[in-house]
Protein chains: 2
Amino acid sequence: MSRQQLLTRLKTKGYKLTQQRQQILEILLTTTSRLSALEVHRLLQKRQVKISLDTVYRNLRLLVEIGALQQISLQSGAVYELVQQDQLHSHVICVDCEKVVCIPAGPALQNSMELAGAAGFTILSHNMEIYGRCSGCSNNNSDC
Amino acid sequence: MSRQQLLTRLKTKGYKLTQQRQQILEILLTTTSRLSALEVHRLLQKRQVKISLDTVYRNLRLLVEIGALQQISLQSGAVYELVQQDQLHSHVICVDCEKVVCIPAGPALQNSMELAGAAGFTILSHNMEIYGRCSGCSNNNSDC
DNA sequence: AATGTAAATAAGAATATTATTATTTAGCAA
DNA sequence: TTGCTAAATAATAATATTCTTATTTACATT
């Protein structure tokens, strides 16, 4: 999701573009790895941005709600990544080492979204996680 | 998932059947609504069962991990329900009133599970949530 | 540019959830 | 039955996340 798309989506939904929100978006747009709320907060502090941790949490939640971010629930906490509209995917998560692998979710999702729509819902976002054990952890690889 | 299936699955995975665990299962098997960890704990205390909240959390997490429970992440916290193997479903959640509606997930899941398997994962459980706004909340029904 | 207003923030309090460690227990095997 | 051992529990302590309220800010409109 591009910077322009994010800004448009926020404005459309009636949300303001505060300094803090802008800075959070900047982090998300320029970081490739998945980030936790705490990590976003730390990165912002490194950049001398004054922002409360609570605000980071609140905004990440908001961005999930409007479908801009995808949330991944790990044992160690939640992490976030920008939604890639051209490449919708689900996550497979290793319960031991927390490795995350993406798998395409196109058709699977399509069907579900339609059913949700039929139930009278206006869909905002979605989240699909599959939990398992990766081959490394199944074989007790210590370096996994 | 039946009592027998639960017990078998625990034993198969090498887990013990403690008094506390047994009582948690009892609650899950005899309650139809979805429960939070706190609610399970309260219900147990009503039954004079001595158990720490921590143990409830730990066991619910374990039961999710072995695929006996399905976890639903609401804004107000996580709730749990027994997996219905003959009726696999996903959840559609209203971001305003937290109403939860089930939709069948068979084919959608099938495809994803295969992809996860192909990635080398041994699959333990899964979780699919679709977030949106129900018709009531879209129309600002106060009683929604 | 000044103003009104809904939305957003900060600060700190409150909850929810998870980790640590010493002690206890289930279930197997002698 | 008794003893053994891995697993489980309880009791904190520590984190993660959310809520409350007073104050500040974006931005639409004058």
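Worth saying up front: this structure is predicted, and the values here are computed from it rather than measured.

## Concerning the packing of helix α2 (residues 19-30) of chain B against helix α3 (residues 37-46) of chain B
Residue and element names in this part refer to chain B.
Here is step 1 of the chain: In contact at an axis separation of 10 Å, α2 and α3 are set at 105 degrees when each is read in the N-to-C sense. Taken together, the axis directions place α2 and α3 in an arrangement best described as roughly perpendicular. Mapping the contact onto sequence places Gln23, Ile24 and Ile27 in α2 and Val40, Leu43 and Leu44 in α3.
Here is step 2 of the chain: Tallied by class, the residues present in the contact of α2 with α3 amount to five nonpolar, one polar and no charged.

## Brief notes about the pairing of strand β2 (residues 69-74) of chain A
Here is step 1 of the chain: Pairing of β2(A) with strand β3 (residues 77-82) of chain A, which is carried by six bridges, proceeds in the antiparallel orientation. By the bridge assignment for β3(A), Gln71(A) is matched with Tyr80(A).

## A word on the domain arrangement of chain A
All names here are of chain A.
Here is step 1 of the chain: Domain boundaries in chain A define domain 1 (1-87) and domain 2 (88-144).
Here is step 2 of the chain: In this structure, domain 1 and domain 2 have C-alpha centres spaced 20 Å apart.
Here is step 3 of the chain: In this assembly, 19 residues from domain 1 lie in contact with 13 residues from domain 2.
Here is step 4 of the chain: Taken together, the two surfaces of domain 1 and domain 2 that pack against each other cover about 1200 Å², and 45% of this comes from carbon and sulfur.

## Comments concerning the interface of chain A and chain B
Here is step 1 of the chain: Facing the 35 residues of chain A at the interface are 35 residues of chain B.
Here is step 2 of the chain: For the chain A face of the interface with chain B, the top three residues by lost area are Phe121(A), Met128(A) and Tyr131(A), together amounting to 19%.
Here is step 3 of the chain: Counting the contacts that link chain A with chain B gives two salt bridges.
Here is step 4 of the chain: Among the ionic pairs, Glu65(A) bridges to Arg133(B), the shortest N-O distance being 3.7 Å.
Here is step 5 of the chain: Those elements that place two or more of their residues in the side of chain A that touches chain B are α4 (53-65), β4 (89-94), β5 (100-104), α5 (106-118), β6 (122-133) and α6 (135-138) of chain A.
Here is step 6 of the chain: Considering every element that reaches the side of chain A that touches chain B, the biggest residue donor is β6(A), with twelve residues.
Here is step 7 of the chain: Tallied by class, residues from the side of chain A that touches chain B come to 20 nonpolar, ten polar and five charged.

Analysis parameters
- Residues numbered from 1 in each chain as written.
- Chains lettered and ligands numbered in written order.
- Predicted model: local features only at pLDDT ≥ 70, side-chain atom pairs only at ≥ 80, totals over all residues.
- Heavy atoms only, no water.
- Axes fitted to C-alpha atoms, helices over the stretch in contact; angles between N-to-C directions.
- Helix = DSSP H or I, 4+ residues; strand = E, 2+ residues; numbered from the N terminus.
- Parallel < 35°, antiparallel > 145°, perpendicular 65-115°, else oblique.
- Contact = heavy atoms within 4.5 Å.
- Nonpolar A, V, L, I, M, F, W, Y, C, P; charged D, E, K, R; others polar.
- Pairing = 2+ DSSP bridges.
- Domains from an automatic or database assignment.
- Buried area = accessible area lost by both parts, 1.4 Å probe.
- Salt bridge = Lys/Arg side-chain N within 4 Å of Asp/Glu carboxyl O.

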